[in-house]
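Here is what each chain is made of, one letter per residue.
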Amino acid sequence: MATDKQQKWNATRLPDQTGRTAVVTGANSGIGLRAAQALAGAGAHVVFAVRDPERGEAAARTVNGSTEVRRLDLADLSSVREFAAAWDRPLDLLINNAGVMMVPQQRTADGFEMQFGTNHLGHFALTNLLLPYVTDRVVTVSSGAHRWGDQRIDFDDLNRTSDYDPRGVYAQSKLANLLFVLELQRRLTESGSRVRALAAHPGYSATNLQSHAASAAARMFMQLGNRFLAQDDTAGALPTLYAATQDLPGASYVGPDGLGEMRGAPTLVGRSAAASDPVVARRLWTASEELTGTRFPQGVGTRG
């Protein structure tokens, strides 16, 4: 009889990806790189969508499989538009993975608060622009942080022009990721598309994302956590890979199955009430359209 450990899903059970194309944002390091390595190893052609092509090329050389590197700066909508305008072929899988975490207060090229602008608005625009080419699914990486402090979307100050709290702003951006997936799936279903939108979170995974926190104390705390508590980035990529390849309902949310969803094998997990509110999801979508100038594409159901 197989042991429970043997039964748990891992990357060795990844289905054959031959003939599929995947775009992974932020694929040059962390869980993005591990996801890219696994998908390419299973036969997919993986596009590294990265801010620094030189670092992307170095990362791609660690991959055993078919890859290419394209520049994408999610903190600059002109870069997002340029990336999307150059896309001209079917895209099976879009993984919205890149992000920033608890950084000092700063602005994107378009004047948005950096965490909300990068983690949510950049991916919102990218997805809408690429969606006419997507044939299977969109996976957006969120975080258990969406629950921090009973988070809500602050529509009166989305760009946090006052009272900037790196931790709270990060949590709001991750809540926005989940609301985006919820409304995207509603629109896909309404349009008759077969494309699915899903979300995943890596639990507590040791990556370089935590090294840019605004607070020195926070950086030290997370360094200790990475060393003694966190799972590695290979394990952290499993929820993303599970969401990307398994037959799951649209709007599903995948995370680790361990205590507090901190580590473990991927499984379907819950989300906060704030992340499940369809009215707020629609309101955030409308606000995001206005901020980015991008819209859900017409006729997407005929292509997905």
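For the structure, check the block above.
What you see is a predicted model, and the numbers here were worked out from it, not measured in a lab.

Conventions and cut-offs
Residues numbered from 1 in each chain as written. Predicted model: local features only at pLDDT ≥ 70, side-chain atom pairs only at ≥ 80, totals over all residues. Heavy atoms only, no water. Pairing = 2+ DSSP bridges. Helix = DSSP H or I, 4+ residues; strand = E, 2+ residues; numbered from the N terminus. Axes fitted to C-alpha atoms, helices over the stretch in contact; angles between N-to-C directions. Contact = heavy atoms within 4.5 Å. Buried < 20%, exposed > 50% of the residue type's maximum accessible area, 1.4 Å probe, protein only. Polar contact = N/O pair within 3.5 Å; in protein donor to acceptor, adjacent residues only side chain to side chain. Core = buried A, V, L, I, M, F, W, Y, C linked by side-chain atoms within 4.5 Å. Phe/Tyr/Trp six-rings, centres within 6.5 Å; stacked < 30°, edge-to-face > 60°.

Colleague: Tell me about the sheet that holds strand β1 (residues 21-25), and name the residues and values.
Modeller: Spatial ordering of the open sheet is given by β3-β2-β1-β4-β5-β6-β7-β8, a layout of eight strands whose pairing is mixed. Every interior strand has two partners, whereas the edge strands, β3 (66-71) and β8 (266-268), have only one. In this sheet, adjacent strand axes meet at a mean angle of 25 degrees when their direction is disregarded. As paired strands, strand β7 (residues 253-256) and β8 are joined by three bridges and run antiparallel to one another. For V254, the partnering residue across the bridge sits in β8 and is L268. Its contacts with the sheet put helix α9 (residues 238-245) on β4 (91-96), β5 (134-141), β6 (196-200), β7 and β8, and the angle it makes with β5 is roughly 155 degrees.

Colleague: So what's going on with the environment of V80? Which residues, and what values?
Modeller: With respect to the helices and strands, the residue V80 is situated in helix α4 (residues 77-85). Sequence spacing of V80 and L126 is 46 residues, and the spatial spacing of their C-alpha atoms is 5.9 Å. Residues contacting V80, with those up to four places away along its chain left out, are L72, D73, L74, G122, A125, L126 and L129.

Colleague: Please set out the environment of T245 residue by residue, giving values where relevant.
Modeller: Along the polypeptide, T245 turns up in helix α9. Residue T245 is classed as buried on the basis of its relative accessible area, which comes to 13%. Residues T245 and V139, spaced 106 residues apart in sequence, show a C-alpha to C-alpha distance of 10.0 Å. Apart from the residues within four sequence positions on either side, T245 is in contact with W9, L14, P15, Q17, L39 and R137. Here L241 takes part through its backbone oxygen, which lies 2.8 Å from a polar atom of the side chain of T245.

Colleague: Can you lay out the nonpolar core for me, pointing to particular residues and giving the numbers?
Modeller: By size, the foremost hydrophobic cluster in this structure holds 47 residues, and its most contacted members are V23, F83, L126, L130, L131, I153 and L184. Taken together, the elements giving at least two residues each to this core come down to β2 (45-50), α4, β4, α5 (114-130), β5, α6 (166-191), β6 and α10 (278-292). With eight residues, the top contributor of residues to this core is α6. In terms of nonpolar packing, the next biggest core, distinct from the first, is built from 35 residues, A27, V139, A237 and A243 among them.

Colleague: Please give an account of unusual backbone geometry that cites residues and values.
Modeller: Apart from glycine, the bulk of residues carry a negative phi angle, and the bulk of peptide bonds sit in the trans form. Of note, R160 is a non-glycine position whose phi angle comes to about 45 degrees, a positive value. Along the chain, R160 falls in the loop between β5 and α6. The residue D163 is not glycine, and still its phi comes out positive at about 55 degrees. Summarising the element assignment, D163 is placed in the loop between β5 and α6.

Colleague: So what's going on with the side chain of N97? Residues and values would help.
Modeller: Note that N97 resides in the loop between β4 and α5. The exposure class assigned to N97 is buried, which follows from its relative accessible area of 13%. Here G26 takes part through its backbone oxygen, which lies 3.3 Å from a polar atom of the side chain of N97. When residues no more than four places from it in sequence are discounted, the contact partners of N97 are V24, T25, G26, I31, G32, H123 and V141.

Colleague: Please provide a residue-by-residue account of the packing of aromatic side chains, values included.
Modeller: For the structure shown, the criterion picks out seven aromatic pairs. Between F124 and W285, the ring centres sit 4.7 Å apart and the planes meet at 70 degrees, which makes this aromatic pair edge-to-face. Within this pair, whereas F124 is found in helix α5, its partner W285 is found in helix α10, the two being separated by 161 residues in sequence. Per residue, the accessibility class of F124 equals that of W285, and both read buried. With 6.1 Å between their ring centres and 50 degrees between their planes, W148 and Y170 make a pair best called tilted. Note that W148 is positioned in the loop between β5 and α6 and Y170 in helix α6, a separation of 22 residues in sequence.

Colleague: So what's going on with the environment of G32? Which residues, and what values?
Modeller: Within the fold, G32 resides in helix α2 (residues 30-41). Through-space distance from the C-alpha of G32 to that of G236 is 9.5 Å; in sequence the pair is 204 residues apart. In contact with G32, other than residues within four places in its own chain, are V24, G26, A27 and N97.

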